[in-house]
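# Structural features, examined
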Amino acid sequence: MQVTETPARIEVALGERAYPVLIGPGVRHRLPAEVARIGARRVVVVSARPPEWTPDPGVSHRVVPARDGEHDKTLATVEQLCRAFAEFGLTRTDAVVSCGGGTTTDVVGLAAGLYHRGVAVIHLPTSLLAQVDASVGGKTAVNLPEGKNLVGVYWQPRAVLCDTEHLTTLPERERRNGYGEIARAHFIGAGDLRGRPVAEQIAACVALKARVVAADERDSGLRHILNYGHTLGHALEVATGFRLRHGEAVGVGTVFAGRLAGVLGRIGPERVAEHHEVVAGYGLDTELPSDVDHDELVALMRRDKKATSGLSFVLDGPGGPELVADVPPDAVRAALA
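Reference entry: report on the structure contained in this document.

The rules we used
Residues numbered from 1 in each chain as written. Predicted model: local features only at pLDDT ≥ 70, side-chain atom pairs only at ≥ 80, totals over all residues. Heavy atoms only, no water. Helix = DSSP H or I, 4+ residues; strand = E, 2+ residues; numbered from the N terminus. Rg over C-alpha atoms; globule rule 2.2 N^0.38 Å. Buried < 20%, exposed > 50% of the residue type's maximum accessible area, 1.4 Å probe, protein only. Contact = heavy atoms within 4.5 Å. Areas by Shrake-Rupley, 256 points an atom, 1.4 Å probe, with all protein chains shown as cover. Axes fitted to C-alpha atoms, helices over the stretch in contact; angles between N-to-C directions. Parallel < 35°, antiparallel > 145°, perpendicular 65-115°, else oblique. Left-handed = near helix turned anticlockwise from the far one by under 90°. Nonpolar A, V, L, I, M, F, W, Y, C, P; charged D, E, K, R; others polar. Core = buried A, V, L, I, M, F, W, Y, C linked by side-chain atoms within 4.5 Å. Pairing = 2+ DSSP bridges. Salt bridge = Lys/Arg side-chain N within 4 Å of Asp/Glu carboxyl O. Phe/Tyr/Trp six-rings, centres within 6.5 Å; stacked < 30°, edge-to-face > 60°. Lys NZ or Arg CZ within 6 Å of the ring centre and 35° of its normal. Polar contact = N/O pair within 3.5 Å; in protein donor to acceptor, adjacent residues only side chain to side chain.

Quick look at the overall build of the protein now. Helix and strand counts for the protein stand at 11 helices and 11 strands. Relative to a compact globule of 337 residues, whose C-alpha radius of gyration would be 20 Å, the protein shows 19 Å and is just as compact. When each of the 337 residues of the protein is scored for burial, the buried share is 57%. Excluding contacts between residues fewer than 6 apart, the proportion of contacts in the protein whose partners are at least 24 apart in sequence is 70%. Counting every atom, the protein has about 13,800 Å² of accessible surface; 50% of that belongs to carbon and sulfur.

Okay, structure coming up:
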């Protein structure tokens, strides 16, 4: 299939490791050109999509089936993928392609970063959640029973192809799930994206993330803002056994972040209310599930990767969002209540 429409193109500026993010209908068909650009002669395509939605990379390749979903986001899955790479004879000069949602992107990215101490990876994110967030920035990770995304590496892709045609295949809940990340982007510099075409929403979120990653690739400062709403969000995912999906949990976490900032006196009532208004406006739930235990949530949030000093959250404030450490547990419980 020929692609005639010019996609949006956003560059993640990381010097010699810079890479393009292409956004638009049909961009999955540009995969052979990207594989040729990086010089890979053999490719393993790890796909959670059916064959008709899994593009041919244009070189000798093997397709390894995958499943989207947090329950496969484990070190065991990473081992299975690395063994598949070895069985195919993949070398350090070859490449891996992910084709799936955020879970597939994370797991395949981690496997690529570990195999032979790093082989090239190209992401074809197929869910809204993966297109606006997971596929860009090089963070890869899997879960442990003790918490979310606790084992991972930074491994930047060589290209990201966000094909908006993939979004037409999503069930409604999965589309809504992606809006959790778009809602949180409202509070970290993406602007008000409500009512804009989905391709524009994706491009705005990717452009924001690209700027942040270029300035702070390894989470030493500014990149923390991308975790807005995620501290409670990750805890909710684990506490509900992943009954709540990532974007749904981040939506609730974003409302909580507004309330906690209000409890701490960092923002006023109108800004607190705006958090609720924006998340609800995307059709997302804004309340904690009735069956979650607040003590368990606090314990899980203490294990968050950002929590180097007590309970830590990315919170809005007079100077914009920033990482706030040593938040008093009483304030956290008040916001949860």
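Running from amino to carboxyl end, helix α8 (residues 246-263) crosses helix α11 (residues 329-336) at an angle of 130°, the nearest separation of the two axes being 9 Å. Considering their axes alone, α8 and α11 lie oblique with respect to each other. In the packing of α8 onto α11, the handedness of the crossing is right-handed. Two secondary-structure elements touch here, α8 through Phe-256, Arg-259, Leu-260 and Val-263 and α11 through Ala-331, Val-332, Ala-334, Ala-335 and Leu-336. Split by residue class, the contact of α8 with α11 holds 8 nonpolar, no polar and 1 charged.

Of note, the phi angle at Arg-117 is positive, near 60°, even though the residue is not glycine. In this fold, Arg-117 is placed in the loop between α3 (102-114) and β6 (120-125). Phi at Phe-242 is positive, roughly 65°, even though this residue is not glycine. Assignment of secondary structure puts Phe-242 in the loop between α7 (230-239) and α8. Assessed through its relative accessible area of 21%, Phe-242 is described here as partly exposed.

Bringing the nonpolar core into the picture now. Judged by nonpolar contacts, the single largest core of 64 residues is most densely connected at Val-21, Leu-260, Met-301, Phe-313 and Val-332. When residues of this core are assigned to their parent elements, the largest contribution, 9 residues, is made by helix α6 (residues 198-215). The residues touching Phe-313, leaving out its near neighbours within four places in the chain, are Thr-231, Phe-256, Leu-260, Met-301, Glu-322, Leu-323, Val-324, Val-327 and Val-332. Val-46, Val-108, Leu-110 and Ala-112 belong to the second largest nonpolar core, which has 20 residues in total.

Among the 6 residues that make up strand β5 (residues 95-100), 6 are buried, leaving the element largely enclosed by the rest of the structure. Residues Ala-95, Val-97 and Cys-99 line one face of β5 and the alternating positions Val-96, Ser-98 and Gly-100 line the opposite face, and both faces are buried. Taken together, the 5 bridges between strand β3 (residues 42-47) and β5 define a ladder with parallel strand orientation. Looking across to β5, one finds that Val-43 is bridged to Ala-95.

This structure, assessed with the given rule, holds 24 salt bridges. Here Glu-165 makes a salt bridge to Arg-28, at a shortest N to O gap of 2.7 Å. Of the two residues, Glu-165 is situated in the loop between β9 (159-163) and α5 (172-185) and Arg-28 in the loop between β2 (19-24) and α1 (31-38); the sequence distance between them amounts to 137 residues. The class of Glu-165 is partly exposed, set by a relative accessible area of 23%.

Scanning the model with the defined rule gives 4 aromatic pairs in all. Ring geometry for Phe-85 versus Tyr-115: centroids 5.4 Å apart, planes at 80°, classification edge-to-face. Linking Phe-85 in helix α2 (residues 75-88) with Tyr-115 in the loop between α3 and β6, this pair joins segments that are 30 residues apart in sequence. By relative accessible area, which is 10% here, Tyr-115 ends up buried. Arranged with centres 5.2 Å apart and planes meeting at 15°, the rings of Tyr-179 and Tyr-282 form a pair that is stacked. With Tyr-179 in helix α5 and Tyr-282 in the loop between α9 (269-281) and α10 (294-302), this residue pair connects regions lying 103 residues apart in the sequence. On the basis of relative accessibility, which here comes to 14%, the residue Tyr-179 falls in the buried class. Since its relative accessible area comes to 10%, Tyr-282 is described here as buried. Taking the ring centre of Phe-88 as reference, the NZ or CZ of Arg-42 above it sits at 4.0 Å.

With that out of the way, let us pick up the side chain of Ser-47. Mapped onto the elements of the fold, Ser-47 is located in strand β3. Among the polar contacts made by the side chain of Ser-47, one reaches the side chain of Thr-54 at a distance of 2.7 Å. Not counting residues within four places of it along the chain, the set of residues in contact with Ser-47 comprises Thr-54, Val-63, Val-64, Pro-65, Ala-66 and Cys-99.

For the rest of this paragraph, the subject is the environment of Pro-50. Here Pro-50 shows up in the loop between β3 and β4 (60-65). Under the relative-accessibility criterion, Pro-50 is labelled partly exposed at 30%. Residues Pro-50 and Glu-296, 246 residues apart in the sequence, show an inter-C-alpha distance of 38 Å.

Read these as geometric descriptors, not functional statements.
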